[in-house]
Amino acid sequence: MSQGRAAPANEVSLEELSSWPEELCRQELPSVLPRLLSMYQHSDSWIEHIRILKIIIEMFLPHMNHLTLEQTFFSKVLPKTVKLFDDMMYELTSQARELSSQNSEIQSTLRNILKTMVQVLGALTGCVQHVCTTQESVILENIHSLPSSVLHVIKSTFVHCKNSESIYSGRLHLVSDLLQAVFKEAYSLQKQLMELLDMVCMDPLVDENDNILDMVIVIHSLLDICCVISSMDHAFHANTWKFIIKQSLKHHSVIKSQLKHKDIITSLCEDILCSFHSCLQLAEQMTQSDIQDNADYRLFHKTLKLCRFFANSLLHYTKEFLPFLSDSCCTLHQLYLQIHSKFPPSLYAAMISKTQQEEIAGAFLVTLDPLITQLLTFQPFVEVILDSMLDLPCELQFPQCLLLVAIMDKLPSQCLEVQTLWCTESQVSEAIARTSLLKAIFCSFEQCSGELSLPVHLQGVKSKGQAEVAVTLYQHVCVHLCTFIASFHPSLFPELDAALLNAVLSSKMITSLLAMDAWCFLARYGTAELCAHHVTIVAHLIKSCPGECYQRTKLSVLLRRLFFFMALPHQVEFIQKFSPNEEENLPLWQYISFQALSADLRKQTASEVTRMGTALCRKWLSSSHTLGELESLNSALSALLAVCNSSGEALDIEQQTGVMEVGSQLWTFLNTEQVTAQLCVQQTLSLLLPLLGFFIQTLDPQLINQVVTLQTSLLKLKPPDHVRLTMLDFLSSLGKLFIPQPIQDKILSSLSCIFTLLLADRNWLLEQHSLEAFTQFAEGTNHEEIIPQCLGSEEIKNKVVSFLEKTGFVDETEAARVERIKHEKDIFWAPFAEMTIEESGWSSLQPCTKRARQEFPLEEEYKSALQTAKGALDAIKLLLQKSTAPDWFLMEMEALQERIDKLKHHILQGET
């Protein structure tokens, strides 16, 4: 072979090729490359594979036409390279379990495989670098095989490195140096690939399906890699995410409909939660540790910075691809709830210092606020948040309430269309129903029983010139709700009225109170006409309620409060419309405080109510005294009691005497049997006791004796709790009275018996009220000798002393109290989890078209006992057929018949 001429390509060895100069490689490329590619495809040796690959990449790749790289090189070489790498990975994983310091052969084999893998990664890096250095912009179609092949190899490498602890068990140190080299090479390769992909250009005006699909595959492959490296290298992980978001936004117009947005959102939310939990753990460690370590602080701030980066990435991605995120709304909703459930003041939050709380809130949580703003106009998000079937665990109920309040705060700045979307209900289908925002707030609020009872405190609103004060959850929701009502659009007022009324009628008292506070704000903020209109509506609702029910009680409290906000002319109109001179209106006046009226109106209305009330009482006294007429009598007594409690001074002596006379006469008709057996009579007793107590100074001593005697007899029969509670106010009022000598011994002995029984009661509510009533009586009475007699046992004496000295409280740490509240919340909420809207709402006020069959308690037990009795009688019948009965048997049968007659009489008495 002459100097300067190359031998034919098929005659040149690999050793000779490796020494060719650059110009010769360029000249002989067309003839040498096919032979090298053939050798590469047919070679069975990993070493030879790598040798040929390196020669092609280092010596001939620089001379190939960059427009034909895919056809001439990548499509022919890379699939084989990927297979080669997979084979090496399989061998590595299969033989790793046999690795040991004694088995030098396996150790050498594994190390050689790892060295070869480093060379493969290096060769691929060379391919990527070549494309980067020879092209200003890249069209994916021209390098189709390169990104997918490289990403496959990178992911495989990172997975192996991540699982190396389990793969190599305790022998990792024998290959750790080479594993580190493999990781670094793969890390470098990915950085180089991302640089290459950053050069990709895609024309949105040109339909390039292959390019679009290639870019989508690249983004999702990098997403898979993110899941692998998340716990390995935080900086690398963040940079990979940064690249994914950048490329997604860069090619938004082309790939927006092809990306798997749900996968990207889900992965990003998982990484946000993971970094957030790490941040909380570090903050908790610093709070619990007495030694402040600067390294901990640096790591905390680094992790917090990572949280903020992920949150901002989510914010940018959501903003750009919002129309495509309908199936990601649940994930975004859960992200918000999970974050706030682990952050103070949640009961389930980590114990971290105030300083760290402020840092996390200022650097990370603030990024969630604009995210919610972006989602406000997105209907699928509305459907998820306001889903009527939403069932959240206890730890997420408080965050849901905070989210709804945050959304409510943002709505005033939105257009009417968006406000209507959130504030109206919708029935998408039979399975999917959306409630309104206001109803959802009330529903969510009542589920935060633990946070309300503790109570937790939230950041307050800053007032001008005043320091910020922490507020309770109740105050927080109430203030923000009233602020929202102040900005409410007039077209949405029907929705507001419905939500407030529905909440007032809630079975949960705390929900009713919140709704009443909001309604009272509306009455004060709105016009006088609006307030009068609402008072009239509530009054009509009360009149339409079928008998006594908790809804009527709630409406009566609302009416009482709203009446104070009525203008004087409207109060006059109300009195004319619901005149107390008409019997049908009298029940309404028991719910109105006469203090809300002007002095003249108060005197006039109190007189009319008193006149009508006493007239109805006398009507009952002159009638046949049937139980069926007690309902109207109780209404009259309730109205009279309302007058005495809120406007007693407006009554003249004659009116006061009239009330006292009818009360005294009515008392003579009460007896223990009726009170224990009939609920309506118990109500009469509950009204008469405070009414007589109002006139305690002028009551006839003999009547007082009768009242006390009846109470003593009732207590021995263990009446219902509400009956015992009604006794306490009357008993405490006796402390103001000097009891005449003739009946002093009898009354005082009865009083000591009553107080002893009530103070010994195990019901905590009765116990508390009994202690309060006894204290008031003891402080006011002149008959001090009775005090020791009421303390019948050492236990009662200690109970009273503890109450007076305010001792005996359980010493409970804050952490223990939180745990107790959480446990109680789980227990208390469980029975209501399955409650339907019909069971808890207004529907219970609707009259039935037909009377339902009465459900009897312990019905099955009654049936069982009766069946046993029948069985016994059948057994006796058989015995009588077999032999004569003993002499004593007939006597026992007669005694048994008497017992049956008494049971029949008891049943008949109950029915009447």
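What you are looking at is a predicted structure, and each value in this text was computed from that prediction instead of being measured. (Residues numbered from 1 in each chain as written. Predicted model: local features only at pLDDT ≥ 70, side-chain atom pairs only at ≥ 80, totals over all residues. Heavy atoms only, no water.)

All chains considered together, the criterion is met by 14 salt bridges. With a shortest N-O distance of 2.1 Å, Glu23 and Arg26 are connected by a salt bridge. Here Glu23 pairs with Arg26, and both are found in helix 2 (residues 22–42), just three residues apart, close to one helical turn. Taking the relative accessible area as the measure of exposure, Glu23 reaches 39% and is therefore partly exposed. Put simply, Arg762 and Glu795 hold a salt bridge, and the shortest N to O gap is 2.8 Å. Here Arg762 is found in the loop between helix 36 (741–759) and helix 37 (764–780), whereas its partner Glu795 is found in helix 39 (residues 794–805), with 33 residues between them in sequence. Owing to a relative accessible area of 66%, Arg762 belongs among the exposed residues under this scheme. Accessibility expressed as a relative area gives 43% for Glu795, which makes it partly exposed. (Salt bridge = Lys/Arg side-chain N within 4 Å of Asp/Glu carboxyl O. Helix = DSSP H or I, 4+ residues; strand = E, 2+ residues; numbered from the N terminus. Buried < 20%, exposed > 50% of the residue type's maximum accessible area, 1.4 Å probe, protein only.)

The contact between helix 18 (residues 394–410) and helix 20 (residues 437–446) brings their axes to 9 Å, and the two run at 150 degrees. By the criterion of interaxial angle, the relationship of helix 18 to helix 20 is roughly antiparallel. Between helix 18 and helix 20 lies a crossing whose hand is left-handed. Taking contact as the criterion, the partners of Gln397, Gln400, Cys401, Leu404, Ile407 and Met408 in helix 18 are, on helix 20, Leu437, Ala440, Ile441, Ser444 and Phe445. When its residues are assigned to classes, the contact of helix 18 with helix 20 shows eight nonpolar, three polar and no charged. (Axes fitted to C-alpha atoms, helices over the stretch in contact; angles between N-to-C directions. Parallel < 35°, antiparallel > 145°, perpendicular 65-115°, else oblique. Left-handed = near helix turned anticlockwise from the far one by under 90°. Contact = heavy atoms within 4.5 Å. Nonpolar A, V, L, I, M, F, W, Y, C, P; charged D, E, K, R; others polar.)

The predicted structure's coordinates, where accompanied by low pLDDT, should not be read in detail. In this model, the protein chain carries a mean pLDDT of 86, and residues with pLDDT of at least 70 account for 90%. Counting interchain partners and residues more than four positions distant, the pLDDT-below-50 stretch residues 1–9 has nine contacts. (pLDDT = per-residue confidence, 0-100.)

For Phe85, the location among the structural elements is in helix 4 (residues 69–95). Of the residues examined, Phe85 reaches a relative accessible area of 0% and is grouped as buried. The spatial distance from the C-alpha of Phe85 to the C-alpha of Val120 is 7.5 Å, given a sequence separation of 35 residues.

As a further point, take the side chain of Ser444. Following the sequence through the fold, Ser444 ends up in helix 20. A residue is classified by how much of its surface remains accessible, and Ser444, at 6% relative accessible area, is buried. Those residues in contact with Ser444 that sit more than four places away from it in its chain are Gln397, Gln400, Cys401 and Leu404.

How two helices sit against one another is set out by the angle between their axes and by the gap between those axes. Two elements in contact, helix 33 (residues 679–694) and helix 35 (residues 721–733), have axes separated by 9 Å at closest approach and are oriented at 15 degrees. Taken together, the axes of helix 33 and helix 35 lie roughly parallel to each other. Between helix 33 and helix 35 the crossing geometry is left-handed. Side by side, helix 33 and helix 35 meet where Leu679, Gln682, Leu685, Ser686, Leu689, Leu692 and Gly693 of the first sit next to His722, Val723, Thr726, Met727, Phe730 and Ser733 of the second.

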